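# Examination of the molecular architecture
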Amino acid sequence: MRPTLPPELRPARAVVRRSAGSWTLQSTLQRHGLGPVAGVDEAGRGACAGPLVVAACVLRPGDAKRLDGLTDSKLLTPAAREEYYALITRWAQDSAVVVIPPEEVDRRGVHVANIEGMRRAVAGLADRPGYVLTDGFAVRGFGSPALAVPKGDQVAACVAAASVLAKVTRDRIMVALHEEFPEYGFAEHKGYCTTVHDAALTEHGPSRVHRFSFVNVRAARGDVGIPVGVGGGVVGTAIEDDDDVAALETAAAVGLPTALVHNGTVTVGSTEVGAEGGMEP
């Protein structure tokens, strides 16, 4: 039988209401001695081209006014995302961004690569957080207590900040990749599976920055019917070592990082080209 503390020794129960605002959950955890609180989110999970980008962010409780209106990056205009990105990188207590190249997404599978990216992002923070908030699904292995928050990028400001860092970083990378692969229109749809992107895949075939574990990319290469492996890769058509090297060289040529970027920005241009950046899952 699980032992229980007598009522007089139990800590007061904290009740956090969604209507209280996006800073309430973080502030409540900090008041109970569980800070600093890090939010984690990703961008590019549903894209069939380009990297998966994961960010972790710790905000100072007193910066709510400076970041007034901060919410899920998908609900912000491109211009607003850029403005919040500048504010977050200036005022955040701590942040880290991880860029996971397409070939790693293919080897591990999108979900596994995403989870590992979250762990790497939190590990990249200067100080170990007292608590970690994730968007939607539970993640273990942070070395700190963690809580999955449904619609976390709309409920918790630190998760929203992480979503902005990840989204803007990825959009800038895709705009840079557009310069090398203009035939795919990456600047417009940011690598997501739009009608325009599928038409370009059909006409030109996939590039080295496409994810070959996605059905539409395999179909464009003529690999229809070949099963997908446990890790998300394509059985019998795995990317060879030479191709991996070539892909990494291509990524480096356009400024696509292949490792952790800590407390800094990825200088690969602006996101002015294109509109909303495709569809998020």
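Residues numbered from 1 in each chain as written. Predicted model: local features only at pLDDT ≥ 70, side-chain atom pairs only at ≥ 80, totals over all residues. Heavy atoms only, no water.

## Side note on helix 1 (residues 24-31)
To be explicit about the condition: Accessible area is worked out with a 1.4 Å probe on protein chains only. A residue is then buried under 20% of its type maximum, exposed over 50%, and partly exposed in between. Secondary structure is summarised from DSSP: a helix means a run of H or I of at least four residues, a strand means a run of E of at least two, and numbering begins at the N terminus for each. Here, the arc refers to the directions that run from the helix axis to the C-beta atoms. Whether two residues touch is decided by their heavy atoms; if any such pair falls within 4.5 Å, the residues are in contact.
Among the residues of helix 1, Leu-25, Gln-26, Thr-28 and Leu-29 are the ones counted as buried. All buried residues of helix 1 fall inside an arc of 165° around its axis, so they share one side. Where helix 1 is buried, its residues touch strand 1 (37-43), strand 4 (131-135), strand 5 (146-149) and helix 6 (157-180). Once helix 1 finishes, Gly-33 follows within two positions and takes phi at roughly 80°, a positive value.

## Quick word on the pairing of strand 1
Stated precisely, the cut-off is as follows: For two strands to be treated as a pair, DSSP must find no fewer than two bridges joining them.
Burial of strand 1 is extensive: 7 of the 7 residues sit out of reach of the surface. Taken together, the 4 bridges between strand 1 and strand 4 define a ladder with parallel strand orientation. Across the sheet, residue Val-40 finds its bridge partner in strand 4, namely Thr-134. Relative to strand 2 (residues 52-58), strand 1 runs antiparallel, the two being bridged by 6 bridges. Of the residues in strand 2, the one forming a bridge with Gly-39 is Cys-57.

## So, helix 4 (residues 110-123)
Short version of the rule: By this rule the span expected of a helix is its residue count minus one, scaled by 1.5 Å.
Here helix 4 spans 20 Å end to end across 14 residues, near enough to the 20 Å set by a 1.5 Å rise per residue. Of all the residues in helix 4, the buried ones are Val-110, Ala-113, Asn-114, Ile-115, Gly-117, Met-118, Ala-121 and Val-122. The inward-facing, buried residues of helix 4 contact strand 1, strand 2, strand 3 (94-100), helix 3 (102-108) and strand 4.

## A few points about the nonpolar core
The test is simple: Grouping buried Ala, Val, Leu, Ile, Met, Phe, Trp, Tyr and Cys residues that are joined through side-chain atoms within 4.5 Å yields what is termed a nonpolar core.
If you look at the biggest cluster of nonpolar residues, it comprises 68 residues, and the most contacted ones within it are Cys-57, Leu-59, Leu-70, Ile-88, Leu-133, Val-164 and Phe-186. It is helix 6 that contributes the most residues to this core, 13 residues altogether. In this view, Leu-70 contacts Ser-22, Leu-59, Tyr-84, Ile-88, Ala-157, Ala-160, Ala-161 and Val-164; residues no more than four positions away in its chain are not counted.

## Some thoughts on the environment of Gly-152
By the element assignment, Gly-152 lies in helix 5 (residues 152-155). The class of Gly-152 is buried, set by a relative accessible area of 0%. For the pair Gly-152 and Ser-22, spaced 130 residues apart in sequence, the C-alpha separation works out to 9.0 Å. Contact partners of Gly-152, with chain neighbours within four places excluded, come to Asp-135, Val-159 and Ala-160.

## Focus: the pattern of salt bridges
To keep it simple, the criterion reads: Any Lys or Arg side-chain nitrogen located within 4 Å of an Asp or Glu carboxyl oxygen qualifies as a salt bridge.
Tallying each qualifying case throughout the model produces 9 salt bridges. Close ionic contact of Arg-66 with Asp-63 constitutes a salt bridge, the shortest N to O distance being 2.4 Å. On the basis of relative accessible area, Arg-66 is assigned to the partly exposed category, the value being 41%. Look at Asp-63 and you get buried, because its relative accessible area is 4%. A salt bridge links Arg-120 to Glu-104, with the nearest nitrogen and oxygen atoms 3.6 Å apart. Residue Arg-120 is found in helix 4, and its partner Glu-104 is found in helix 3; the two are separated by 16 residues along the sequence.

## Comments concerning the packing of aromatic side chains
Quick reminder of the rule: Aromatic rings from Phe, Tyr and Trp, taking only the six-membered ring of Trp, are treated as a pair when their centres fall within 6.5 Å; an angle between ring planes under 30 degrees marks them as stacked, one over 60 as edge-to-face, and anything in between as tilted.
Scanning the model with the defined rule gives 3 aromatic pairs in all. Seen from their ring centres, Phe-181 and Tyr-184 are 6.4 Å apart, and the 55° between their planes marks the pair as tilted. Note on accessibility: Phe-181 and Tyr-184 belong to one class, buried. Pairing Phe-181 with Phe-186 gives two aromatic rings, centres 6.5 Å apart and planes at 70°, and the pair type is edge-to-face. Like Phe-181, the residue Phe-186 is buried in the burial classification.

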